[in-house]
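# Structural overview
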Amino acid sequence: MRALKILVVVMGVLIVAGTVGLVMVLVQRVGGAASGTRWEAALDQPEGTRITGLAATESGIAVLLARPDGERVLVVEPKRGRVIGEIRPGR
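Below you will find a few notes about this structure.

What counts and what doesn't
- Residues numbered from 1 in each chain as written.
- Predicted model: local features only at pLDDT ≥ 70, side-chain atom pairs only at ≥ 80, totals over all residues.
- Heavy atoms only, no water.
- Helix = DSSP H or I, 4+ residues; strand = E, 2+ residues; numbered from the N terminus.
- Buried < 20%, exposed > 50% of the residue type's maximum accessible area, 1.4 Å probe, protein only.
- Contact = heavy atoms within 4.5 Å.
- Areas by Shrake-Rupley, 256 points an atom, 1.4 Å probe, with all protein chains shown as cover.
- Salt bridge = Lys/Arg side-chain N within 4 Å of Asp/Glu carboxyl O.
- Patch = residues over 30% accessible without salt bridge, like charges linked within 9 Å, V, L, I, M, F, W, Y side chains within 5 Å.

Along its length, the chain carries one helix and four strands. What you see in the chain, going N to C, is helices and strands ordered as α-β-β-β-β. In the chain, which comprises 91 residues, the share counted as buried stands at 14%. Put simply, 13% of the contacts in the chain that link residues at least 6 apart link residues at least 24 apart. If you sum the accessible surface of the chain, you get close to 7500 Å²; carbon and sulfur atoms cover 63% of it.

The structure is reproduced here in structure tokens:
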């Protein structure tokens, strides 16, 4: 009977420790993903430029800009925060 009590206590401790460990891993993954993906990018556009739209692409984020001289689409690489392409509509 004594061995059974010890076994029940040990298994209870293992269940509590496992639950705490699982919660810690979940918190790290959720919190880590949010803090690890933060980035900033300076688009270096002329004054009066407005961002009018955003869209995700395979290679980055497409940013639709309304500039004083016309509209443009910039493709920004999220990992480095730099512009990797620009599309200008033809006239």
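Still more to cover.
The next point concerns the pattern of salt bridges. All chains considered together, the criterion is met by five salt bridges. Across the salt bridge formed by Glu-86 and Arg-72, the nearest N and O atoms sit 2.6 Å from each other. On the criterion of sequence distance, the pair formed by Glu-86 in strand S4 (residues 82-87) and Arg-72 in strand S3 (residues 70-77) is long-range, its members being 14 residues apart. Classification of Glu-86 as partly exposed rests on a relative accessible area of 37%. The residue Glu-77 makes a salt bridge to Arg-82 at a minimum N-O spacing of 3.0 Å. Given the relative accessible area of 43%, Arg-82 is considered partly exposed. Beyond isolated ion pairs, a larger network of salt bridges with shared partners links Arg-67, Asp-69, Arg-72, Glu-86 and Arg-88.

Among the surface-exposed residues, Met-1, Leu-4, Leu-7, Val-8 and Met-11 lie close enough to one another that they form a single nonpolar patch of about 560 Å² accessible area. On the secondary structure map, Met-1 appears in the segment before helix H1 (2-36). Assessed through its relative accessible area of 75%, Met-1 is described here as exposed.

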